[in-house]
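Inside the fold
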Amino acid sequence: MTIGILAVQGAFVEHQNMLNKLGVNHFEIRQPKDLLIPMDGLILPGGESTAMRKLLDDLGMFSTLKEMIAQGLPTLGTCAGMILLAKHLTNQEQSHMQLMDIDVKRNAYGRQLGSFFTTNTFADRMIPMTFIRAPFINRVGQDVNILSTVDGHIVAARQKHMLATAFHPELTGSTYVHEYFLQMIGHGSI
Ligand code: GLN
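Now for a description of the structure that goes with this document. (Residues numbered from 1 in each chain as written. Predicted model: local features only at pLDDT ≥ 70, side-chain atom pairs only at ≥ 80, totals over all residues. Heavy atoms only, no water.)

**A word on helix 3 (residues 62-70)**
As a reminder of what qualifies: Residue exposure (1.4 Å probe, protein chains only): buried if accessible area is under 20% of the type maximum, exposed if over 50%, otherwise partly exposed. The secondary structure listing takes helices from DSSP runs of H or I that are at least 4 residues long and strands from runs of E that are at least 2 residues long, numbered from the N terminus. Think of the arc as the fan of directions from the helix axis to the C-beta atoms. In what follows, a contact means two residues having at least one pair of non-hydrogen atoms within 4.5 Å.
Restricting attention to buried positions, one finds in helix 3 the residues Phe62, Leu65 and Ile69. Mapping the buried residues of helix 3 onto a view down its axis gives an arc of 75°, with all of them on the same face. Of the surrounding secondary structure, the elements contacted by the buried residues of helix 3 are strand 1 (2-6), strand 3 (41-44), helix 2 (49-58), strand 4 (75-78), helix 4 (80-85) and strand 12 (162-165). Of the residues trailing helix 3, Gly72 is marked for its positive phi of about 115°.

**Description of the pattern of salt bridges**
The condition that has to hold: Salt bridges, as used here, are contacts in which a Lys or Arg side-chain nitrogen is within 4 Å of a carboxyl oxygen on Asp or Glu.
In total, this model carries eight salt bridges according to the counting rule given. A salt bridge links Asp143 to Lys160, with the shortest nitrogen-to-oxygen separation between them at 3.4 Å. Highlighted residues: Asp143 in the loop between strand 9 (136-140) and strand 10 (145-150) and Lys160 in the loop between strand 11 (153-159) and strand 12, separated in sequence by 17 residues. On the basis of relative accessibility, which here comes to 57%, the residue Lys160 falls in the exposed class.

Structure, rendered in structure tokens:
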């Protein structure tokens with residue numbers, strides 16, 4: 001199995017480290033030709049969604065990537081990656097791929113609380129969660145499963161082949177979210 005990790009901006013190295021821990025093959029997506037490499041799954045990392053969108057447009061990758069996910073490529077979007085996937089952003093006009101039926105509020109915790117660490121339930125397990133200038137989800141569509149709620153706010157969800165977290169699972173010691181994603185793709189044993 002091979003996972004492509006978008007590597008134009010943000011915390012992609014930490015996702016590589018997680019997949020290394022799990023013994024999963026991966027490669028960096030930096031330019032359009034990388035999208036021709038066969039992949040079983042895709043990771044859209046955290047970082048800065050506006051910068052990431054601009055780079056994807058400038059590099060000529062936005063539409064292809066969007067189409068690949070729309071066609072069913074299993075995708076994990078963390079933080080800025082979740083913002084890229086969202087159908088609607090509640091506090092800015094421009095949304096991005098609009099593929100996942102969730103509304104997302106950027107920088108939703110305000111400046112002071114934008115970065116924090118907590119331990120909470122994801123799916124069926126307690127895991128550590130690192131939030132950095134984090135968004136949260138304020139609406140989910142009918143076929144979206146809520147996987148995690150922190151202080152009344154939805155911070156992880158799944159719709160079919162798309163998994164999104166407001167926090168950074170790759171910045172903690174737990175590989176559980178990545179294992180969950182691999183199992184979603186049909187590999188792994190959770
Ligand atoms: N605040 C960032 C954004 O709006 C996301 C933060 C993150 O990915 N850690 O893109």
